Amino acid sequence: MNRRQSWRHRLTVPQFTVVTGLLVITFGTLLLASPLCSSDEVGLWEALFTVTSAITVTGLSIIDVGAELTFPGQVALAGLILTGGLGLMAITTFLQGFVQGRSGLRQRLDKGRALDDFGVGGIGPTLNQILLIAGIVIGIGTLTLYNFGFTDIPDRGQRLWASLFHCISAYNNAGFGLWRDNLVGYRSQPVVNAVIGLLIVMGGIGWRVTNDIWVNRFRLARIRRLSLHTRLVIRTTILLIVLGAVGLLFTEHFATEGMVEQLSLWDKLQVTIFQSITTRTAGFNTVPLTLETISDSGLLLMIMLMFIGASPGGTGGGIKTTTFAALIAATRSTLRGHDEVVVRNREIPAKVILKAVGVTLGSGLFILLMALLLGLGNTTAGTPGSEAFTFLEKLFTCVSAFGTVGLDVGVTSQLNRWGQLVLMVGMFVGRIGILLLLSAVYGSRPQNRVGFPREELYI
């Protein structure tokens, strides 16, 4: 008994996060595989993959959500998406408090750091604020889609559920849709494009930015009153959306039979802007994504956008926009011969730059490991006459899984269970983050206070 209690008290928040995530996935799998929630075509494996994708707010799927899940199953899936996007770390924190009892100042600080790394950003009043903002935004989006977006759905109950489900999926950057072709049927519907795109951005920029804007809502004319984090996130997000849209418009304009070749100019703008937004975080698509409909250059551009991902405290994945901005600032300072990294007249601490480098390098190496494992043996589902996947297809799928994006070029459903297992592990690691995973594996280590002599290293 004393040993068990000692073991419980030694667990850190990152370790509790991994354990809690696995427990929620197990419970969700059993629930989704039950006859109440799914048809006979959905077995334990299909349920496990779908639940893992939902908890990690990815959106990759090997089932038809609208056809193979019953209404209770779709409600359960929406609840899992909300749990993964907004509530998993809260569950972890309260579970740890219940199991371990009272915690001291050091452990509370540990909780705060872990919550920040995970992407929820806080507990107590902060979590209540996050849930309140999410509820208001999802509610407004649902009413807008119901009245002006999904007007082609005659049944009011189905239209209301479709509006609510897609708003939950969009705000949590999950990318799950109720239709097999996702949102391809609404490619020319400006309200659907605008609402879903805006929800993705609001969910992806994070609670810190939303709260900072709300607190300074009457003083937004003086943008300097906003924190450096908020300004950097907003500018980087807008820049990536614009560059992504222009880049896709450029690459697909010169592609033979590209995804925008037959569209009008207005539809081209809608498609490229929407895909630029959703590629970084969510995984919705308004055009079919295959090697026949998008060029290799377009796929490579989308891979870069998926790798960057959302912002800290947001519901998306990737290395985060601030990490990308910090690396760009560090590169600029290095090329100019400066010893300090300065952004908007503010010096960035060296430990932040080291963390950005570590996250980027660790994420890149993990994705390459996923692609390597995906290339071992016969990774297809064994369909007679099926062609082997190209490396670009495998890399695209691995980045989509690790970045919790959910875009697919037709690879996921054709993988065998080994390949799908690789994707599930990648989704889970990508959601909790490389640093949090390493903290869970190695535990808390005391900081080394021993200094060492310096020596030059030629770069």
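Model, not experiment: these values are computed from the prediction.

Caption draft 1: The arrangement of helix H14 (residues 321–335) in detail. Here H14 spans 21 Å end to end across 15 residues, near enough to the 21 Å set by a 1.5 Å rise per residue. For H14, the set of buried residues is Thr321, Thr322, Thr323, Ala325, Ala326, Ala329, Ala330 and Ser333. For H14, the elements touching its buried residues are helix H11 (228–253), helix H12 (265–280), helix H13 (296–308), strand E1 (341–343) and helix H15 (350–374). Positive backbone phi, at 80°, marks Gly337, one or two positions downstream of H14.

Caption draft 2: Structural detail: the environment of Leu354. Locating Leu354 in the fold gives a position in helix H15. Separated by 28 residues in the primary sequence, Leu354 and Ala326 have C-alpha atoms spaced 9.8 Å apart.

Caption draft 3: Geometry of the packing of H15 against helix H16 (residues 391–402). Their axes nearest at 9 Å, the elements H15 and H16 cross at an angle of 130°. The angle between the axes of H15 and H16 places the two elements in the oblique class. Crossing hand, H15 versus H16: right-handed. Residue-level contacts link Ser363, Phe366, Ile367, Met370, Ala371 and Leu374 of H15 to Phe391, Lys394, Leu395, Cys398, Val399, Ala401 and Phe402 of H16. Class assignment for the residues of the contact of H15 with H16 results in eleven nonpolar, one polar and one charged.

Caption draft 4: Spatial organisation of the side chain of Thr210. Among the structural elements, Thr210 can be located in helix H10 (residues 207–215). Accessibility expressed as a relative area gives 18% for Thr210, which makes it buried. Among residues more than four places away in sequence, those in contact with Thr210 are Ile133, Met202 and Ile205.

What counts and what doesn't
- Residues numbered from 1 in each chain as written.
- Predicted model: local features only at pLDDT ≥ 70, side-chain atom pairs only at ≥ 80, totals over all residues.
- Heavy atoms only, no water.
- Helix = DSSP H or I, 4+ residues; strand = E, 2+ residues; numbered from the N terminus.
- Expected span 1.5 Å × (residues − 1).
- Buried < 20%, exposed > 50% of the residue type's maximum accessible area, 1.4 Å probe, protein only.
- Contact = heavy atoms within 4.5 Å.
- Axes fitted to C-alpha atoms, helices over the stretch in contact; angles between N-to-C directions.
- Parallel < 35°, antiparallel > 145°, perpendicular 65-115°, else oblique.
- Left-handed = near helix turned anticlockwise from the far one by under 90°.
- Nonpolar A, V, L, I, M, F, W, Y, C, P; charged D, E, K, R; others polar.

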